[in-house]
Amino acid sequence: MASKPWSSIAPPGEFHPYIPSEKVIPEFTGRAIVLGIFAGLFFGAITVYVGLRAGLTVSASIPIAVLSISILRAFGKATVLENNIVQTTGSAGESIAGGVIFTLPALIFLGFPLEYWSVFFLALLGGWLGVLFMIPLRRQLIVKEHGALLYPEGTACADVLVAGDKGGSFASRVFWGFGLGGAYAFLMETMGLWRDTPEYQPSWLPGASFRANITPEYLGVGYIIGPRIAGVIFAGGVFSWLVLMPAIKFFGGLMTQPLFPGLIPIGQMSPDDLYRSYIRPMGAGAVAAAGVITLIKTMPTIVSALAAGLKDMRESRAMGAVNTAMRRVDRDFSMKVVVLGSLAIIAMMWALLTFRPIPGAATTIFQNFIAAVFVVVFGFLFVTVSSRICGLIGNSSNPISGMAIATLMATTAVFLVLGWTGSAFSVLALTIGGVVCIASSNAGGTSQDLKTGYLVGATPAKQQLALMIGVMVSVFAVGATLNLMNVGLEEYKPAHIALNISQLPSGVSVQQQSFTHAGKNYVLLNAIGSHVVPDGNYLYDPTAHEIDIQWIHGIGSEKASAPQARLMATVINGILQRQLPWRLVLVGVFLVIAIELLGIRSLPFAVGAYLPIDTTMAIFAGGVVHWLVERGAKDKSAAGSEIGPGPLYASGLIAGGGIFGLLGIVIYLFGDPNFKYHFLPEHFLHIGPQVLGALAGNRIFAVLMFAILGGTQYYFARRKME
C-alpha cells in the first residue's frame, strides 16, 4: 500500500522522512559547505549588530534556506539535503552571536578590554560544546519525542526546503526587503538625510521622553515577534519612561542634593540621566528576576530532560558497536567523540585561562581548572534545558540570558564562599557564564537544525560535522563585528571631575598608567559603583589633577547599548563586590512578581523596562504593522506563518539594515581623524544637512520616512507570493 504524502506534522506512527533512509543523494558537498560558511559569516555579523542595539535576536535558518534554494538553483539542480546543509552550517553564526552578545561585552563594563582572540576562543569552545552535548540528546528529544516537541522554527524550515525542492521560490521577498532596508539604512545613517532617532520631550510631563530609533532592523524584528510580544515589550518601556521617570522627577525635583545612585540632583537630570541612574538598576533586577522565574517554571522540564538525556546516553553507548549497521538517518557521531571532545574542551578552556588570560585578570592553575569543570557541568545542564524549551516554544522564546544569570549567580556564590572576590574573579565568573550561554544558545539553534534534518531525511552525522564547521568559521565574523562596533561607535566627551589620584574614591581604580589620546598622555581610570564618578572609563589629566574626558566605548553607548551584557556585569559586581543599589533592584524584582500575578509573561516586559524606549517603540511599530496585516487578511494563520511573505520581507529588512549599518560604521571609522588607518575625508558622504538643510533634522520628516518603510512592510506582507 502506498505511503501517505510527506507532512512535517504527521503523527509519530505515520511520519516518514521526505528523503527515505535507503535513498542516497548529494548532501555534504563542497558548494553547500562554502555557501553555508558565507551565510554563517553574513548572519553572524548581522546578529551581533542587531542584538547589541535591540537586545533581541531572530532565527536565521529560514532566510538562509530561502536564499540557498535560489542561489544553488542558479548553479544547477541542488538537492533538498544540500540546501539543508547550507542552512545548518550558516545558522551556527546566528546562534553563536546571540550567546556572545548577551555576555562577553560585559568585560567592558567590568573595566577590562574586549580582545578579539579572547572572544574568538571563548565563542569557539562554547559553540562546540553546544553541538557536542546535542549529539546524545538528538535521539531522545528530536526522534523519540516527535509530535510532543514541535521545534517550530525547525519544522517551518523543513517546509521551506521541501517547497523549494518541489519548485517553489520565496527568495524575491527577502531580496526586496534587503534592498529597500539597505537603501533606507544607508540614506539615513551614512548620508544623514533624516534623523535616526526623532524625539519629543513634553513640557507637560517632565522627565518623560517619546523617541524611536527608526531603523529597518527594529521594524523587521517587531514584525517577526508579532504584536503580542512587541506590545508587552513596549509596555515595559512605557512603564519606565512615561510612568516611573516622570514620577521620580515629580517627587524628587525639589531636592537640592543627589539621591544615590544619581550623582546630580534629580531636578537637573535629563530623561537619559534618570534612565541611567534609576531605571537601569531597577530594570536589571526585573530581568534577573524574570529569568529566574522562567527557569523555575521550566524546572519539571529540566528534571525530565536531564533524566531522559542520561538514559539516552547509556543507550547510545550500548548501540555504539553496531553504529555502522544503523540506517543512514540514525547515524550520529559516536559517544567517544562526545566524551573526548568534552575532555578536550576542559583542557582547552584551562589552557586559555592559564596561558592567555584577559589582561589584568590572571588566576591560578587550580582556579582555572575549577572554571573549566564548571563550564562542562553547567553546559550539559543548560544545553539540555535549552533544547527542550526550544522544542516547546521556539528559539525566540528561549531564555538563554536567564540561564546565563543563573550560572553567574551560582558561580559567584561559590566564589564568595571561597573568598574569591577580586576583580580577576569577576572576569572568571563572566568567562564561565559566557561559554555556558553560548553553548545554550547554539544548542537551541542546533536542535532546530537537527529537527529540520530529521524531517527532510538528512544524515545526522553530516549535519553535526557541518555545525562544527559553521561554529569554527562564524566566530571570525562575530569577534570582528564586536570589535568594529566597539571602536567605530566610541566617543570621547568632556567630563571635568576633580580627583586626587593618590586617594581615589571607592569604586574608582587605575586601569592603565599611561594612555595616549589626541597626542596627550593621560591616566586611564575605570569607575564601577562609585558614589562620586558615574560608571565608565575616564582619562585623568595628571597635570590638572582632574578627569578631563569620558571615554564611551562603542559597546555600551546609545547606539549599541548591549543591555543583557550590562546586566551580567551588574549581577557579577553586585554579588562579588556587593556594590548594587539593592532597593532599586528589589523594586524591579517585585514589579516582575506583580506582572506574573497578572498572568503576563514577565521576561518580555522586564526586557522592555530595561531597554531604552527608542528601541522598544520602534519594535512595537513593527508589531503594529503585523497586527494590521493580520486584521485585513482572510487567512489569519497564513498571515502569521513563519514562511509567509511578511516574515520573509522582514528578514530582508533586518539583513539589509544590519549590513548597511555596519557599512556606515566602516565608512565613519575610515573618515575619523583619530583612527590610525583613516584615509577618507571626515563625514564622508554625510550630505543630508547640506542637501536638505533643516529638513534633515526635522523629527516629523523622519517619522514620515519610517512610516513609508512600514508601508512597504504592509504592502509586501499582504501581496501574495507567486
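Up top you'll find the structure we're talking about.
This is a predicted model, so every value here is computed, not measured. (Residues numbered from 1 in each chain as written. Predicted model: local features only at pLDDT ≥ 70, side-chain atom pairs only at ≥ 80, totals over all residues. Heavy atoms only, no water.)

Asker: Any chance you could break down the pattern of salt bridges for me, citing the residues and the numbers?
Answerer: Tallying each qualifying case throughout the model produces nine salt bridges. Two residues, Arg 276 and Asp 273, come together in a salt bridge whose shortest N-O distance is 3.0 Å. Highlighted residues: Arg 276 and Asp 273, both in helix H9 (residues 271–297), separated by three residues, approximately one helical turn. Taking relative accessible area as the criterion, Arg 276 reaches 41% and is therefore assigned partly exposed. (Salt bridge = Lys/Arg side-chain N within 4 Å of Asp/Glu carboxyl O. Helix = DSSP H or I, 4+ residues; strand = E, 2+ residues; numbered from the N terminus. Buried < 20%, exposed > 50% of the residue type's maximum accessible area, 1.4 Å probe, protein only.)

Asker: Quick rundown of the packing of aromatic side chains? Include the residues and the values.
Answerer: Per the counting criterion, the structure on display carries 32 aromatic pairs. Considering the side-chain rings of Phe 133 and Phe 380, the 5.5 Å spacing of their centres and the 90° angle between planes classify their relative orientation as edge-to-face. Here the residue Phe 133 occupies a position in helix H5 (residues 116–144), and Phe 380 occupies one in helix H12 (residues 365–393), the gap between them amounting to 247 residues. The buried category is assigned to Phe 133, whose relative accessible area is 6%. An aromatic cluster is present here, built from Phe 42, Phe 43, Phe 178, Phe 186 and Phe 660 joined pairwise through their rings. (Phe/Tyr/Trp six-rings, centres within 6.5 Å; stacked < 30°, edge-to-face > 60°.)

Asker: Tell me about the nonpolar core, and name the residues and values.
Answerer: Counting residues in hydrophobic clusters, the biggest one holds 161 residues, and the most contacted among them are Leu 52, Val 100, Leu 482 and Met 485. Broken down by element, this core gets its largest block of residues, 17 residues, from helix H14 (residues 423–456). Once residues within four sequence positions are removed from consideration, Leu 482 is found in contact with Val 48, Leu 52, Val 100, Ile 101, Pro 105, Leu 114, Val 119 and Ile 555. In terms of nonpolar packing, the next biggest core, distinct from the first, is built from 24 residues, Phe 186, Met 188, Ala 650 and Ala 717 among them. (Core = buried A, V, L, I, M, F, W, Y, C linked by side-chain atoms within 4.5 Å. Contact = heavy atoms within 4.5 Å.)

Asker: Pulling in residues and values, what's your account of H14?
Answerer: For H14, built from 34 residues, the straight-helix expectation of 50 Å at 1.5 Å per residue is met to within 8% by its first-to-last C-alpha distance of 50 Å. Counting buried positions over the 34 residues of H14 gives 33, a clear majority of the element. (Expected span 1.5 Å × (residues − 1).)

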